[in-house]
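Per-entry structural report
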Amino acid sequence: MTAGMTTGLMDYDEVVARFDPVLGLEVHVELSTATKMFCSCPNVFGAPPNTHVCPTCLGLPGSLPVLNRAAVESVIRIGLALDCSIAPWCRFARKNYFYPDMPKNFQISQYDEPIALHGSLELQLADGSTLSVGIERAHMEEDTGKSLHVGGATGRIHGASYSLLDYNRAGVPLIEIVTKPIVGAGARAPEVARAYVTALRDLLRALGVSDVRMDQGSLRCDANVSLMPRGSSVFGTRTETKNVNSLRSVERAVRYEMCRQAAVLASGGEIVQETRHFDEASGTTSAGRRKETSEDYRYFPEPDLVPITPSDEWVEKLRATLPELPWQRQARVQAEWDLSDLELRDLVNAGALDLIAATVDAGAAPAEARSWWVAYLTQQANSRGMELAELGITPQQVARVISLVRAGTLTNNLARQVVDGILAGEGEPDDIIVTRGLAVVSDDSALTAAVEQALAAQPDIAAKIRGGKVAAAGAIVGAVMKATGGKANAQRVRELVLAHCAR
Amino acid sequence: MPTISRGEVAHLARLVRLAVTEEELDLFAGQLDVILNSVARVREVATEDIPPTSHAIGLEDVFRDDVPGPCLTQQQALSGAYATEDGRFQVPRILDES
Amino acid sequence: MSELTRLSAAELADRISRRETSAVEVTQAHLDRIGSVDPVVRAFLHLDGDGALAAAAAVDEGLQRGDAATSPLAGVPLALKDVFTTADMPTTCGSRILEGWRPPYDSTVTRKLREAGVVLLGKTNMDEFAMGSSTENSAYGPTRNPWDLDRVPGGSGGGSATAVAAFEAPLAIGTDTGGSIRQPSAVTGTVGVKPTYGGVSRYGLVAFSSSLDQGGPVARTVLDAALLHEVIGGHDPLDSTSIDAPVPPVVAAARAGATGELTGVRIGVVSQFRGEGYQPGVLHAFETAVSRLRDLGAVIVEVSCPAFDYALPAYYLIAPSECSSNLARFDGMRYGLRCGDDGTRTAEEVMSLTREAGFGAEVKRRIMLGTYALSAGYYDAYYGQAQKVRTLIIRDFAAAFEKVDVLVSPTTPTTAFRLGERVDDPLSMYLSDLCTIPSNLAGNAALSVPAGLADDDGLPVGLQVMAPVLADDRAYRVAAAYEAARDATDGDPLWSRVPDLTEDRLSGPSIDTEDRLSGPRIAGVVGR
């Protein structure tokens, strides 16, 4: 594997001083339908290899595709949420090319007749400004199988290496969402790319059409990047970077390609239109194997499927099922929680808004929900280098912790320990309270015994309290708290100490 | 002037994964040329305003409900395979993915 | 030969259901017949004697228990074209690339046949992936025409047509993409029907050209074909192009037609399908058939369908284009042949070596032709234009069916040609489908019914009857009426005059004792 020409990278500030980047983002989303796109095999991640396959998704001779209605409904809903127009008539086409993970050696996709086209998605950037990204199209296609490469240890030598294929993923419904060229982002192009994928992910999650797990590949982004000299309006040659598997990678990959291409162009070189691979570890992109023959996919209408003609009635029915979309929710939440623009933006930037809203939906008060997510949990996420959403705690769990604090079952200190337990994968809050023994001790008899013990251990202080020096009670409360491992309600302990000494 | 050259036939063969022999290239170049010249007549009749037909019978909107059905067993799925390993199809090494 | 093998499917089913004979007996008789003549005609690629006898026994047991027959064809043996998947038999499509492949599933047609109690004898020979008009493109050797062993049985379904003509089975299933049921039927003196596209499920039919392929019945009589049509027809949710409508009442139409009355039926003679390139004996037989239809009360009208002249070139763009894509899956990765996997070659190289070794010349030719026609620079000029011709052909049919109830033509321009005669000349081979292709492009129903023997070479001629989409019954009615009248005039059905192959063997063509024609067959060059 070559890391490309060693033309090096241009300093980013210089890149943006000399060039205008043009972005095009292609996002593939695996739908979370119960079955695959064209057959009734279950659409499940992580099953034993080749167990969720049938003649159709294995591409066996004689098999035929039948379109999943739920997948069509999902893409129409996505199209509507992206403000696209829904084609009154569209078709599938075959995209012909040979690849072992594609069982028919063609992919059923949509070509010049996509189901949704010409929409837009509004992004909010870190500085509070907004940007509307044009959506070219959203179309349906089928996913490929997965290959596993074995015996590559011998490196370049033609050794005993081979590949193993699992077709469980073959035929899983995919929606490809393609932006129009994003021009004018300038220095913010990497940020825009990330913000776009983030906004799209949040939208798809709100629609409930996909797991949108970049780490599992249910949301994949290909980034097309080209540069043109500042002031020019003629697009340069673009590269397409694949294998961009996290939001952070989207940003890094775009930035790297900008610096790489700028260096090539500045040294008088030409950009080759090619597919490049992003490497997470090094943060660089590298060229794939150059094709011997130029790709000619020989698209033609898929004869085994019939046209789709979404009626106005059907489309409107689906429009009525759209949930509150992220930007609608933001506006509502801002009003309801009385947030300033700045506060709102901080929440959005931290990826906390939806989590807080969901926590509120699960019964927590907005202020407490906010406080948990932006303070303790953000701290935890930062220290782990994770997104809030990846922490492994659900809004429902946070809401439960909040309600336990409200009920006096947990102190704030204990609540944090419960949250730590959740983050450590120990289960639900109530289970952790039991297993870690974290509940506030509010049983008076247990506390009374502890108080008596503490007073007996420090008779001089006890005498002081009895003598009216109420302030001295603090030392006894502290001793009791220590004895109970912090699980006691300090206020109650103080009451008991005073009551005891008053006797 | 032939419609299709020997080089084009070689290109087509690569595109569709046929390791054709030199003799076949000669044979097919000649035959494809004859056939293409013959079928080129389709250009005589159909004018701009004629819509193309991809499906003779005008069916539309044929869908399946999103309800899981039976799959093949792993054994059935792999039954025709040349070689398998760990429940997967074993194939020669695949280029273009590193 | 056992008398059982000469009975119609309808008669056999009747005797079996009344328990006058057993399904096992009938099956055994056909297996015996296959044993004696198939070494000569080579209609079968795979025989499943045990499976067939077991299926027959199951039918007998059901009847013995007092169960009603599962269908009007319960217990009747059938030869299945080797292009339909069968979980208990190999499916090769006549190709080396699928040699020995056992699919893990049954096609819908296979399933329906089994459920109807039809006994599957085995799988029949065919041109590789149904590409051809002579069955010479089979990787497993050609099938021979039982009327003259030096001649081809047509194709691609030469095996199915021959099995029926040679009394190896009373029924067979074929597939028709450009004429692969009708043309073999015409040249073997059998009845072959291409139902309306979408009338018979394609699920489990290994695709050649998806928008044209259609499975259908082959039989010796029109009624038998109709009975089989009703067994295999009907909506299938596994095939998106399957029509969700009842099967046209073809059995009733065949029975009605057999009463011999066609008064008031308007029959159009396609003016494009006559004249130059047609064998005189074929044209003469066709004219005779038309006058017989007139005698039955039909109104005969001349109908011009000018776009039909462009059907052949359009077909030879559309079918190869679709096949280039459909056959891409045969790459040696998941099933079938794999060549050259020595541990050093890449998947891409192994695919190319496998496809090179696994496909025959005609398949390669069509894959490359279709790939060319779909290529970026040529799509509009070739594939796109062909799709427009398709529209014009549909319009011609629509206009014709405003004026007439059915259209007729010769099924194919010549009688059976000699083995090897057209192998090296693809274009002349393609001409065999000249008259059959329009109905594939338009999706309407069409059948071939024997129209006697050509007076110039004594070989069978087919009369093609074309009916509108989902009006398959009209073609059956006309064909049944014609068949009855023809048999009445001739004194016996055409199928009964097939040479006795058990004596004939491979000793070359000779006049059979049952052959009522006088004089030797003319072996001369056939006009086209």
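Residues numbered from 1 in each chain as written. Chains lettered and ligands numbered in written order. Predicted model: local features only at pLDDT ≥ 70, side-chain atom pairs only at ≥ 80, totals over all residues.

Secondary structure summary: chain B contains four helices and three strands in total. Reading chain B from its N terminus to its C terminus gives the helix and strand order α-α-α-β-α-β-β. Taken over the C-alpha trace, chain B has a radius of gyration of 22 Å; the compact-globule value for 98 residues is 13 Å, which it surpasses by more than 25%. The principal-axis extents of the C-alpha atoms in chain B amount to approximately 55 × 45 × 25 Å. Among the 98 residues that make up chain B, the fraction classed as buried is 34%. (Helix = DSSP H or I, 4+ residues; strand = E, 2+ residues; numbered from the N terminus. Rg over C-alpha atoms; globule rule 2.2 N^0.38 Å. Buried ≥ 20, exposed ≤ 12 C-beta atoms within 10 Å, placed from the backbone.)

A separate point is the overall build of chain A. Per the secondary structure count, chain A includes 16 helices and 16 strands. A globule of 503 residues ought to have a C-alpha radius of gyration of about 23 Å, yet chain A, at 29 Å, is considerably larger. Taken along the three principal axes of its C-alpha coordinates, chain A extends 95 × 55 × 55 Å. When each of the 503 residues of chain A is scored for burial, the buried share is 46%. Partitioning the intrachain contacts of chain A with sequence separation of at least 6 by distance along the chain shows that 70% fall at a separation of at least 24. (Contact = placed C-beta atoms within 7 Å.)

This paragraph deals with the interface of chain B and chain C. Every contact between the two is made by 45 residues of chain B and, on the other side, 59 residues of chain C. Of all the secondary structure elements, the ones that give two or more residues to the side of chain B that touches chain C are helix H1 (6–15), helix H2 (22–39), helix H3 (42–45) and strand S3 (88–92) of chain B. The element that contributes the greatest number of residues to the side of chain B that touches chain C is H2 of chain B, accounting for seven residues. Class assignment for the residues of the side of chain B that touches chain C results in 32 nonpolar, eight polar and five charged. (Nonpolar A, V, L, I, M, F, W, Y, C, P; charged D, E, K, R; others polar.)

Turning our eyes to something else, we now look at unusual backbone geometry. Of the consecutive residues glycine 155 of chain C and serine 156 of chain C, the connecting peptide bond is found in the cis state with omega at 10°. As for its position among the elements, serine 156 of chain C is in the loop between strand S3 (119–124) and helix H5 (158–165). Its identity is not glycine, yet asparagine 105 of chain A carries a phi of approximately 60°, on the positive side. With respect to the helices and strands, the residue asparagine 105 of chain A is situated in the loop between strand S4 (93–96) and strand S5 (106–109). When the 23 C-beta atoms within 10 Å are taken as the criterion, asparagine 105 of chain A is described as buried. Despite not being glycine, arginine 298 of chain A has its phi angle at roughly 45°, a positive value. As for its position among the elements, arginine 298 of chain A is in the loop between strand S15 (284–287) and strand S16 (300–301).

A few words on the environment of lysine 464 of chain A. Residue and element names in this part refer to chain A. Counting through the fold element by element, lysine 464 comes out in helix H14 (residues 459–466). When the C-alpha atoms of lysine 464 and glycine 474 are compared, they prove to be 12 Å apart, with 10 residues separating the residues in sequence. Contact partners of lysine 464, with chain neighbours within four places excluded, come to Lys469 and Ala472.

On average, residues of chain B carry a pLDDT of 91, and 95% of them reach 70 or more. Here the predicted complex scores 0.87 on pTM and 0.96 on ipTM. (pLDDT = per-residue confidence, 0-100.)

The next subject is the sheet that holds S5 of chain A. Residue and element names in this part refer to chain A. If you walk across this open sheet you meet the three strands as S5-S4-S16, and the pairing is antiparallel. One side of each edge strand has no neighbouring strand; the edge strands of this open sheet are S5 and S16. The pairing of S4 with S16 spans two bridges and is antiparallel. Bridging from a neighbouring strand, alanine 93 pairs with proline 301 of S16. (Pairing = 2+ DSSP bridges.)

The next point concerns the interface of chain C and chain A. Taken together, the contact pairs 33 residues of chain C with 28 residues of chain A. For the side of chain C that touches chain A, the secondary-structure elements that each account for two or more residues are helix H10 (311–326), helix H11 (347–358) and helix H12 (361–374) of chain C. Per element, the largest residue contribution to the side of chain C that touches chain A is three residues, and it comes from H10 of chain C.

What follows covers the pairing of strand S6 (residues 215–219) of chain C. Residue and element names in this part refer to chain C. Counting buried residues along S6, five of its five residues qualify, which places the element largely inside the surrounding structure. Bridging between strand S4 (residues 171–175) and S6 involves five bridges; their strand directions are antiparallel. Note that in S6 the partner of alanine 172 across the bridge is valine 218. Bridge count for strand S5 (residues 191–194) against S6 is two bridges, and the pairing is antiparallel. Within S6, the position partnered with glycine 192 by the bridge is valine 218.

So, on to the environment of leucine 45 of chain C. Residue and element names in this part refer to chain C. As for its position among the elements, leucine 45 is in strand S1 (residues 44–47). Among the residues examined, leucine 45 registers 25 C-beta atoms within 10 Å and is labelled buried. Measuring from C-alpha to C-alpha, the distance between leucine 45 and arginine 220 comes to 21 Å, with 175 residues separating the pair along the chain. When near neighbours in sequence (up to four residues on either side) are disregarded, leucine 45 contacts Asp82, Thr92, Lys123, Thr124, Asn125, Tyr140 and Gly159.

All names here are of chain C. Taking 1.5 Å per residue, 16 residues should reach 22 Å; helix H9 (residues 280–295) reaches 22 Å between its end C-alpha atoms and fits that length. Within the sequence span of H9, burial applies to Gly281, Val282, Ala285, Phe286, Ala289, Arg292 and Leu293. Buried residues of H9, viewed axially, fall in a sector of 135°; they line one side. Away from its buried face by more than 90 degrees, H9 exposes Ser291 and Asp295. Just beyond H9, the residue with positive phi is glycine 297, at close to 110°. (Expected span 1.5 Å × (residues − 1). Arc of directions from axis to C-beta.)

Counting residues in each nonpolar core, the largest one holds 294 residues, and the members touching the most others are Leu23 of chain A together with Leu78, Val465 and Ala475 of chain C. In this structure, leucine 78 of chain C is in contact with Leu113, Val118, Val119, Leu120, Leu121, Ala169, Leu171, Ala172 and Ile173 of chain C, ignoring residues within four places of it in sequence. In terms of nonpolar packing, the next biggest core, distinct from the first, is built from 50 residues, Val419, Ala479, Leu496 and Cys501 of chain A among them. (Core = buried A, V, L, I, M, F, W, Y, C linked by C-beta atoms within 7 Å.)

All names here are of chain C. Within the open sheet, the 11 strands sit side by side as S1-S3-S2-S4-S6-S5-S10-S11-S9-S7-S8. Their pairing is mixed. Both outer strands of the open sheet, S1 and strand S8 (299–303), are each paired with one neighbouring strand and no more. The average undirected angle you get between the axes of adjacent strands in this sheet is 25°. Across three bridges, the pairing between strand S7 (residues 266–270) and strand S9 (residues 406–410) is parallel. Bridge pairing links glycine 268 to leucine 407 in S9. The strands touched by H5 within the sheet are S1, strand S2 (77–81), S3, S4, S5 and S6, with S4 carrying the most contacts at an inclination of about 160°. Along the sheet, helix H7 (residues 222–232) contacts S4, S5, S6 and strand S10 (445–453); its crossing angle with S6, the most-contacted strand, is approximately 150°. (Axes fitted to C-alpha atoms, helices over the stretch in contact; angles between N-to-C directions.)

Another point: the pairing of strand S11 (residues 460–467) of chain C. Residues and elements named next belong to chain C. Most of S11 sits out of view: eight of its eight residues are buried. The alternating pattern of S11 places Pro460, Gly462, Gln464 and Met466 on one face and Val461, Leu463, Val465 and Ala467 on the opposite face, and all of these are buried. Bridge analysis of S9 against S11 gives four bridges, and the strand direction is antiparallel. Bridged to serine 409 within S11 is glutamine 464. For S10 and S11, the ladder comprises seven bridges, and the chain directions are antiparallel. Counted as the bridge partner of alanine 446 is methionine 466 from S11.

Next up on the list: the packing of H7 of chain C against helix H16 (residues 472–490) of chain C. Residues and elements named next belong to chain C. At a minimum axis distance of 9 Å, the contact between H7 and H16 shows a crossing angle of 155°. Here H7 is positioned roughly antiparallel relative to H16, judged by the angle of their axes. Of the residues in H16, those touching H7 at Val222, Leu223 and Ala226 are Tyr476, Ala479, Ala480 and Glu483. Taken together, the residues of the contact of H7 with H16 break down into six nonpolar, no polar and one charged. (Parallel < 35°, antiparallel > 145°, perpendicular 65-115°, else oblique.)

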